[in-house]
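Each chain, letter by letter, is given below.
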Amino acid sequence: MNDKTMHRLPRGKALPAMDGRAGKEIVPQVKAPAGVFDSLTQNLKQEMGLLQMLSESLDREREILLRSDARELTEHNAKKETILLKMRMLDEIRRNTVKKISRVCGTGESADLALLASHAGPAEREALLACRDSIAALAASVRERNEANRQIIGLSLSHVQGTVDFLGELMNGDRTYGNSGKWNKGRRKGKVVNTEG
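Residues numbered from 1 in each chain as written. Predicted model: local features only at pLDDT ≥ 70, side-chain atom pairs only at ≥ 80, totals over all residues. Heavy atoms only, no water.

Moving on, we get to the confidence of the model for the chain. When the pLDDT values of the chain are averaged, the result is 77; 69% of them are 70 or greater. Averaged over each element, pLDDT in the chain is lowest for strand 1 (residues 176-177) (58) and highest for helix 1 (residues 38-67) (94). Considering only residues more than four positions removed or in separate chains, one finds that residues 1-28, a stretch of pLDDT under 50, has 28 contacts. (pLDDT = per-residue confidence, 0-100. Helix = DSSP H or I, 4+ residues; strand = E, 2+ residues; numbered from the N terminus. Contact = heavy atoms within 4.5 Å.)

Bringing the pattern of salt bridges into the picture now. Under the counting rule described, the total for this entry stands at eleven salt bridges. When the shortest N-O distance is used, the salt bridge between E72 and R60 registers 2.3 Å. Separated by twelve residues along the polypeptide, E72 in helix 2 (residues 70-105) and R60 in helix 1 bring together distant segments of the chain. Among the residues examined, E72 registers a relative accessible area of 15% and is labelled buried. The class for R60 is partly exposed, based on a relative accessible area of 34%. Ionic contacts of the salt-bridge type, sharing partners, join the residues E47, D91, R94 and R95 into one network. (Salt bridge = Lys/Arg side-chain N within 4 Å of Asp/Glu carboxyl O. Buried < 20%, exposed > 50% of the residue type's maximum accessible area, 1.4 Å probe, protein only.)

Let us look at a nonpolar patch on the surface. A cluster of nonpolar residues, F166, L167, L170 and M171, forms a patch on the protein surface that exposes about 440 Å² of accessible area. You can see F166 is positioned in helix 4 (residues 122-171). (Patch = residues over 30% accessible without salt bridge, like charges linked within 9 Å, V, L, I, M, F, W, Y side chains within 5 Å. Areas by Shrake-Rupley, 256 points an atom, 1.4 Å probe, with all protein chains shown as cover.)

The next subject is the environment of L90. On the secondary structure map, L90 appears in helix 2. Exposure remark for L90: the relative accessible area of 9% places this residue in the buried category. Sequence separation between L90 and Q46 is 44 residues, and the spatial gap between their C-alpha atoms is 7.9 Å. With residues near it in sequence (within four places) discarded, L90 still touches N43, Q46, E47 and L50.

A separate point is the packing of helix 1 against helix 4. Two numbers describe how helix 1 lies on helix 4: the axes approach to 9 Å, and their chain directions differ by 20°. One way to sum up the angle between helix 1 and helix 4 is to call them roughly parallel. In this structure, the crossing between helix 1 and helix 4 has a hand that is left-handed. Classifying every residue of the contact of helix 1 with helix 4 by side-chain character gives 18 nonpolar, seven polar and eight charged. (Axes fitted to C-alpha atoms, helices over the stretch in contact; angles between N-to-C directions. Parallel < 35°, antiparallel > 145°, perpendicular 65-115°, else oblique. Left-handed = near helix turned anticlockwise from the far one by under 90°. Nonpolar A, V, L, I, M, F, W, Y, C, P; charged D, E, K, R; others polar.)

Before going further, it helps to spend a moment on unusual backbone geometry. Of note in the backbone geometry, S68 takes a positive phi value of approximately 55° without being a glycine. Tracing the sequence through the fold places S68 in the loop between helix 1 and helix 2. Residue classification places S68 among the exposed positions, given a relative accessible area of 60%.

Looking now at the environment of I83. Position of I83 among the secondary structure elements: in helix 2. For the pair I83 and S57, spaced 26 residues apart in sequence, the C-alpha to C-alpha distance is 9.2 Å. Those residues within four positions of I83 in sequence are excluded, and the remaining contacts are L50, M53, L54 and S57.

Put into structure tokens, the structure is as follows:
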């Protein structure tokens, strides 16, 4: 006999099944009622849609950065902020939905999606896990695009700083020609553009 089988007592009473770890009882998994996961699945699909929009928005942002169109970049940033605001709202709704489902399933309020999905029926479980995988892939794509755009901005600021420094040196009254015939840089007056933070 193994630990998962039931042992019969002489009077016909059954011992609870044990899971083999310090004699802990196996708690039967609570299946959530049908339809309980519908709102969570819908929320996750909306989040996927917004992540896709954000990914496309970052592609557009890259094009604008490469053209150095400040006016269009300002307009574009306002649209991107709207997407991010909607994502924050969806995130809050999802957190509240997860708390409600967790209470129904008895998993505790900090349950992750995989644990919650284990309480769903096969079709609901498949839909939830598919959403989770799609969101993870989209989030990774968004991170990559955002990092690429950040590097473009950093490079642009570096070029601007170099130009400002050069112009500052040209306007510096301390500059003279040295004995070698080369231009002495003189003292630097400080940076005009801060590239940090």
